[in-house]
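The lines below spell out each chain.
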Amino acid sequence: MIEEPDPEYRTGIGTDIHLLVEGRKLMLGGVQLAYPAGLAGHSDGDAAIHAVIDALLGASGMGDIGTVFPDNDPRYKGIDSKQLLVEVKDRLEAAYWRVINVDLIIQAEEPSLKPVKGQMKRVIAGLLGIDFTAVNVKAKTAEGLGDIGAGRAIAATAAVLLRKKARRRI
Ligand code: MG
């Protein structure tokens, strides 16, 4: 009998924070929200997607978002962060990593994220090609404290688990 090698599991964490500025569309968790201000950034500023990307890159040992997608590279100016997430997912797949789950926390004083959490879950799960139930989105305020509490910034933290399918030697 040939024994299957044990699969390899790795976890990763990611965090991000962006300034809220007037006159930009607000992209968060891959969803556009109706709000008079949006997140500043070289890309579309989606701090939640960026936190997920950094967690995935961390778990797979592939570095960090700033190294993989430099913010002085004109190719990424104004880019939809969903495209960056798909690019990372492709890199993971090429290295035989599969995403088991994503847990995401978004801290925003405003707007209320409660009505869009489900949509964010669906968007992120769809981009990663995993089940809707494998993505969890938690929305919190900062209880009025600091820059997030004052509505000057939105932050996100993500944790992920990856599984590498063990390949039998032949
Ligand atoms: Mg960022």
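Since the structure is predicted, the reported quantities are computational estimates derived from the model, not experimental observations.

**Overview of the overall build of the protein**
Item 1. Tallying secondary structure elements over the protein gives five helices and seven strands in all.
Item 2. The helix and strand sequence of the protein, counted from the amino end, reads β-β-β-β-α-α-α-β-α-β-α-β.
Item 3. The C-alpha atoms of the protein give a radius of gyration of 17 Å, which matches the 15 Å a tight globule of 170 residues would have.
Item 4. Each of the 170 residues in the protein was classed as buried or not, and the buried ones make up 43%.
Item 5. Counted over contacts in the protein with a minimum sequence separation of 6, partners at least 24 positions apart contribute 71%.

**Focus: helix 1 (residues 47–60)**
Item 1. Here helix 1 contains 14 residues, and its C-alpha end-to-end distance of 20 Å stays within 8% of the 20 Å for a straight helix at 1.5 Å per residue.
Item 2. Looking one or two residues beyond helix 1, the residue adopting positive phi is Gly 61, at roughly 70 degrees.

**Brief notes about the layout of surface pockets**
Picture a little ball the size of a water molecule; that probe, rolled over the atoms, points out where space is still empty.
Item 1. Space inside the largest pocket adds up to approximately 220 Å³.
Item 2. Taken together, 15 residues form the lining of the largest pocket, with Ser 43, His 50, Ile 65, Phe 69 and Asp 71 sitting closest to its centre.
Item 3. Among the elements that make up the lining of the largest pocket, the one with the highest residue count is strand 1 (residues 8–22) (three residues).
Item 4. For the lining of the largest pocket, the residue count by class is five nonpolar, seven polar and three charged.
Item 5. There is about 170 Å³ of room inside the second largest pocket.
Item 6. Elements supplying a minimum of two residues to the lining of the second largest pocket: helix 3 (81–94) and strand 5 (97–107).

**Examining the nonpolar core**
Item 1. Leu 28, Ile 53, Leu 56, Leu 104 and Ile 106 are the most contacted members of the largest nonpolar core, which has 48 residues in total.
Item 2. It is helix 1 that provides the largest number of residues to this core, a total of ten residues.

**Topic: the sheet that holds strand 1**
Item 1. The five strands lie next to each other as 4-1-7-5-6, forming an open sheet whose pairing is mixed. Sheet topology places strand 4 (37–39) and strand 6 (135–140) at the edges, where each strand pairs with a single neighbour. Between one strand and the next, the sheet's axes are offset by a mean angle of 20 degrees, whatever the strand orientation.
Item 2. In the packing of helix 4 (residues 117–128) onto the sheet, contacts are made with strand 5 and strand 6, and the angle to strand 6 comes to roughly 145 degrees.

**Looking at helix 4**
Item 1. With twelve residues, helix 4 should cover 16 Å at 1.5 Å per step; its first-to-last C-alpha distance of 17 Å lies within 8% of that length.
Item 2. All of the buried residues in helix 4 are Met 120, Lys 121, Ile 124, Ala 125, Leu 127 and Leu 128. Take helix 4 and look down its axis: the buried residues cluster within an arc of 160 degrees, on one side only. Of the residues in helix 4, the exposed ones pointing more than 90 degrees away from the buried face are Arg 122 and Gly 126.
Item 3. Against the buried residues of helix 4 lie strand 2 (26–28), strand 3 (31–33), helix 1, helix 3, strand 5 and strand 6.
Item 4. Just beyond helix 4, the residue with positive phi is Gly 129, at close to 70 degrees.

**What to know about the side chain of Asp 44**
Item 1. Its location among the elements puts Asp 44 in the loop between strand 4 and helix 1.
Item 2. One buried charged residue, Asp 44, remains without a salt bridge, the closest side chain of opposite sign being Lys 82 at 5.6 Å.
Item 3. One polar contact links the side chain of Asp 44 to the main-chain amide nitrogen of Asp 46, over a distance of 3.1 Å.
Item 4. Within the local environment of Asp 44, its side chain forms a polar contact with the side chain of Ser 81, the two groups lying 2.5 Å apart.
Item 5. Ignoring any residue separated from it by four or fewer positions in sequence, one finds Asp 44 in contact with Arg 24, Met 27, Leu 39, His 50, Gly 78, Ile 79, Asp 80 and Ser 81.

**A few points about the pairing of strand 6**
Item 1. Relative to strand 6, strand 5 is paired through six bridges, and the arrangement is parallel. What sits directly across from Ile 106, in strand 6, is Ala 139.

Thresholds, definitions, all that
Residues numbered from 1 in each chain as written. Predicted model: local features only at pLDDT ≥ 70, side-chain atom pairs only at ≥ 80, totals over all residues. Heavy atoms only, no water. Helix = DSSP H or I, 4+ residues; strand = E, 2+ residues; numbered from the N terminus. Rg over C-alpha atoms; globule rule 2.2 N^0.38 Å. Buried < 20%, exposed > 50% of the residue type's maximum accessible area, 1.4 Å probe, protein only. Contact = heavy atoms within 4.5 Å. Expected span 1.5 Å × (residues − 1). 1 Å grid on protein atoms, 1.4 Å probe; cavity = no way out; pocket = protein on both sides within 12 Å on 5 of 7 lines; lining within 4 Å. Points joined across faces, edges and corners; volume = space filled by probe spheres on them. Nonpolar A, V, L, I, M, F, W, Y, C, P; charged D, E, K, R; others polar. Core = buried A, V, L, I, M, F, W, Y, C linked by side-chain atoms within 4.5 Å. Pairing = 2+ DSSP bridges. Axes fitted to C-alpha atoms, helices over the stretch in contact; angles between N-to-C directions. Arc of directions from axis to C-beta. Lys, Arg positive; Asp, Glu negative; His and termini not counted. Salt bridge = Lys/Arg side-chain N within 4 Å of Asp/Glu carboxyl O. Polar contact = N/O pair within 3.5 Å; in protein donor to acceptor, adjacent residues only side chain to side chain.

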